[in-house]
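Inside the fold
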Amino acid sequence: MAKLINRVESRFFSIAENVALSRVMVAAVAAPLDLLLSQLDEIKVAVSEAVSNAIIHGYEGRADELVGLAIEHWEDRLTIRIKDNGVGIQNIAEAMEPNFSSCGDRMGLGFAFMNSFMDKLEVFSEIGKGTEVILTKMLQEETTESNKG
Ligand SMILES: Nc1ncnc2c1ncn2[C@@H]1O[C@H](COP(=O)(O)OP(=O)(O)O)[C@@H](O)[C@H]1O
Ligand SMILES: [Mg+2]
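For every chain, the first residue of the written sequence is number 1, and numbering continues from 1 onward in sequence order. Each chain gets a letter, beginning with A, and each ligand a number, beginning with 1, in the order they are written. Per-residue local features are limited, in this predicted model, to residues with pLDDT of at least 70; the limit for side-chain atom pairs, both in listing and counting, is 80 or more; totals at the level of whole chains, interfaces and linings are taken over all residues. Heavy atoms throughout the structure, all of them, feed into the side-chain values; hydrogens and water do not.

Check the secondary structure of the protein and you find 4 helices and 5 strands. Numbered from the N terminus, helices here are DSSP runs of H or I no shorter than four residues, and strands are runs of E no shorter than two. In the protein, the succession of helices and strands from N to C terminus is β-α-α-β-β-α-α-β-β. Relative to a compact globule of 149 residues, whose C-alpha radius of gyration would be 15 Å, the protein shows 16 Å and is just as compact. In terms of overall dimensions, the protein has C-alpha extents of about 55 × 30 × 25 Å along its principal axes. Partitioning the contacts of the protein with sequence separation of at least 6, the portion at a separation of at least 24 is 66%. Areas reported here follow the Shrake-Rupley algorithm with a probe of radius 1.4 Å; residue values treat only the protein chains shown as occluding. With the model as given, the accessible surface of the protein reaches about 8600 Å², and the carbon-plus-sulfur share is 52%. Counted charges follow a simple rule, with Lys and Arg positive, Asp and Glu negative, and His plus the chain ends left uncounted. A single reference atom marks each charge: NZ on Lys, CZ on Arg, CG on Asp, CD on Glu. Distance between charge centres in the protein, computed from 14 positive and 23 negative side chains, equals 4 Å. All radius of gyration figures rest on C-alpha atoms, and the globule criterion is 2.2 Å times the number of residues raised to 0.38. Whether two residues are in contact is decided by their heavy atoms, any of which lying within 4.5 Å being enough.

Structure representation (structure tokens):
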């Protein structure tokens, strides 16, 4: 069983400013990990997309609802959960299809980015109860002092 090394949890208001906050928090937790800068950027994009979705779709733009963000650094992976208690998703498979959006003016690529930038994407949702998105990035085994050569 992999060991849990760090866990950071927060809840914040459903306003656009907090999309930036979520990026900073994930970057801070992921900074000590052995990730490429490009991978770190991709993780930040995936988290931004999920948090934006919670605000725009889950809470339909209401500004005083709570979005939950839990970041876990396990020995072998980084797991990020984004949760809202909003409207929920009718058809998860359809919502996850590239280019599907329930809002005509949107690109419908949020889930596509989350899917391609992360190693695992899980979506749990219930109508009228809300949505939880779980993003996972697997980590390379740490190079220890003894096997650095
Ligand atoms: N947290 C959420 N709550 C309710 N619906 C959501 C949520 N996240 C995504 N959705 C639904 O899934 C669709 C696809 O999401 P996404 O791929 O990010 O595209 P976009 O945000 O551009 O519409 C959204 O249009 C919306 O209908
Ligand atoms: Mg989106």
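Don't stop here, the text continues.
For the rest of this paragraph, the subject is the side chain of S14. Looking at the secondary structure, you find S14 in the loop between β1 (4-13) and α1 (17-30). At a separation of 2.5 Å, a polar atom in the side chain of S14 contacts the main-chain carbonyl oxygen of R62. With sequence-adjacent residues up to four places away left out, S14 is seen in contact with I55, Y59, R62, A63, D64, E65 and V67. Within 3.5 Å is the distance limit for a polar contact, defined as a pair of N or O atoms, with the added protein rule that one can donate a hydrogen and the other accept it, and that residues adjacent in sequence qualify only through two side-chain atoms.

Mapped onto the fold, D34 is located in the loop between α1 and α2 (37-58). For the pair D34 and L109, spaced 75 residues apart in sequence, the C-alpha to C-alpha distance is 28 Å.

With that settled, the discussion passes to the sheet that holds strand β5 (residues 130-138). Paired strands are those between which DSSP finds at least two bridges. Pairing is antiparallel across the open sheet formed by 5 strands, whose spatial order is β1-β2-β3-β5-β4. At either margin of the open sheet sits one strand with a lone partner, and together these are β1 and β4 (120-126). Between one strand axis and the next, the sheet turns by 10 degrees as a mean value, whatever way the strands run. Strand direction decides the pairing type here: strand β3 (residues 77-84) and β5, joined by 8 bridges, are antiparallel. For D84, the partnering residue across the bridge sits in β5 and is T131. Every axis in this analysis is a line fitted to C-alpha atoms, fitted for helices over the stretch in contact. Angles between the N-to-C directions lie between 0 and 180 degrees. Relative to the sheet, α1 contacts β1, β2 (66-74) and β3, its axis offset from that of β1 by approximately 170 degrees.

Glancing now at the site of ligand 1. Throughout this document, a residue counts as near a molecule or strand when at least one of its heavy atoms sits within 4 Å of that molecule or strand. Contacts to ligand 1 come from 19 residues, most closely from N53, H57, S101, S102 and G108. Note that an oxygen atom of ligand 1 is positioned 2.8 Å from one of the side-chain N or O atoms of N53. At a separation of 2.9 Å, a nitrogen atom of ligand 1 approaches a polar side-chain atom of D84. Calculation on ligand 1 without its partners gives an accessible area of 530 Å², and the protein chains cover 94% of this total. When grouped by side-chain class, the residues that make up the shell around ligand 1 number 8 nonpolar, 9 polar and 2 charged. Residue type decides the class: Asp, Glu, Lys and Arg count as charged, Ala, Val, Leu, Ile, Met, Phe, Trp, Tyr, Cys and Pro as nonpolar, and the leftover types, Gly among them, as polar.

Right, let's talk about the pairing of β2 for a bit. Per-residue accessibility, obtained with a 1.4 Å probe over protein chains only, is compared with the maximum for each type, and a residue is labelled buried under 20%, exposed over 50%, and partly exposed between these values. Burial of β2 is extensive: 8 of the 9 residues sit out of reach of the surface. Here β1 runs beside β2; their pairing, made up of 9 bridges, is antiparallel. Its bridge partner being in β2, F12 is matched across the sheet by V67. Of the strand pairs in this sheet, β2 and β3 are connected by 8 bridges, and their pairing is antiparallel. In the strand pairing of β3, G68 is matched with K83. Joining the antiparallel neighbours β2 and β3 is a turn of 2 residues.

By themselves, these are just geometric observations and shouldn't be taken as functional.
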